[in-house]
Amino acid sequence: MSLRPLEPLLAPSILSADFARLADALRLLEEAGGCSVHVDVMDGRFVPNITLGMPVVAALRKETRLPLDCHLMIVEPLKYAVEFVKSGADWVSVHQEADPHLHRTLSAIRAAGAKAGVVLNPATPVETLVDLVEDFDFALLMSVNPGFGGQGFIPRTLDKVKRLDALRTERQTPFLIQVDGGVGLENAQELVWAGADVLVAGNAVFKAPDPLRAIRDLLAEMRKGRS
Ligand code: DX5
Ligand code: ZN
């Protein structure tokens, strides 16, 4: 029996949206359907860039009922992860490379009432998750080095998705597999076919001439990967 949800989910990253018009971005995702909202939190330490924090998440929460998926690219994530849940995040993911106490942090996120995710950089093998599979609700595989939108997809990620999907089947644990970075029409179907359930897309949505159409086209490609 498959451990995967039937419908893949698209998580457009508001990092590529107009920060002065985030409410408009939320309306767009609501109209499109099939989306959650990917929120990239960067601290200028774990990654070179600085983006946004809890007050922005709280403001987004007031504007939408869509799931808010907060990807924390920060050092010492345990310090802030629960604050993000309290601010309205439904999903919170933390980098394995940033946290020597992942089990503790993931447990705290779940106890606060959100889905807990673990993120792996391109250089971190999926096999590092073997002793943790029951402690997260989703695993996020970075297909670019985190820090910026609009980078090129690292093709080796496809093999990581397959290996993680095999681990999920072997251990019979129903975690979701998410992929983030350089996702577009050219790789969406293949990623879902390989085992991904949630695809993050920044530039492919918000820098497209018609973002609504871009979402619909991406979702259509993703569904082909399940048929
Ligand atoms: C990169 C971020 C991504 C990024 C994706 O550090 O985690 O979520 O916004 O943007 P694209 O889809 O443009 O690569
Ligand atoms: Zn992200």
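The structure this text deals with has already been given above.
Fair warning: this is a prediction, and the values are worked out from it, not measured in the lab.

## A look at the layout of surface pockets
Size it by volume and the largest pocket reaches roughly 230 Å³. Looking at the largest pocket, it is lined by 24 residues, and the ones nearest its centre are Phe148, Gly149, Gly150, Asp180 and Gly181. Broken down by secondary-structure element, the contributors of at least two residues to the lining of the largest pocket are strand E2 (37-42), strand E3 (68-73), strand E8 (198-201) and helix H7 (203-206). When the residues that make up the lining of the largest pocket are grouped by side-chain class, the tally is eleven nonpolar, eleven polar and two charged.

## Let's talk about the sheet that holds strand E7 (residues 176-180)
Whenever strands of a sheet pair, they do so through backbone hydrogen bonds, lying parallel or antiparallel. Read from one edge to the other, the open sheet built from eight strands follows the order E1-E8-E7-E6-E5-E4-E3-E2, with strand pairing classed as parallel. Sheet topology places strand E1 (9-12) and E2 at the edges, where each strand pairs with a single neighbour. If you compare each strand with its neighbour and ignore which way they point, the axes differ by 25° on average. Two strands pair when backbone bridges link them, and E3 and strand E4 (residues 91-95) are joined in this way by four bridges, in the parallel orientation. Directly across from Cys70, in E4, lies its bridge partner Val92. This element, helix H5 (residues 157-171), spans strand E6 (138-142) and E7 of the sheet and lies at about 170° to E7. Packing against the sheet, helix H8 (residues 211-224) makes contact with E1 and E8, and its axis sits at approximately 145° to E1.

Calculation notes
Residues numbered from 1 in each chain as written. Chains lettered and ligands numbered in written order. Predicted model: local features only at pLDDT ≥ 70, side-chain atom pairs only at ≥ 80, totals over all residues. Heavy atoms only, no water. 1 Å grid on protein atoms, 1.4 Å probe; cavity = no way out; pocket = protein on both sides within 12 Å on 5 of 7 lines; lining within 4 Å. Points joined across faces, edges and corners; volume = space filled by probe spheres on them. Helix = DSSP H or I, 4+ residues; strand = E, 2+ residues; numbered from the N terminus. Nonpolar A, V, L, I, M, F, W, Y, C, P; charged D, E, K, R; others polar. Pairing = 2+ DSSP bridges. Axes fitted to C-alpha atoms, helices over the stretch in contact; angles between N-to-C directions. Contact = heavy atoms within 4.5 Å.

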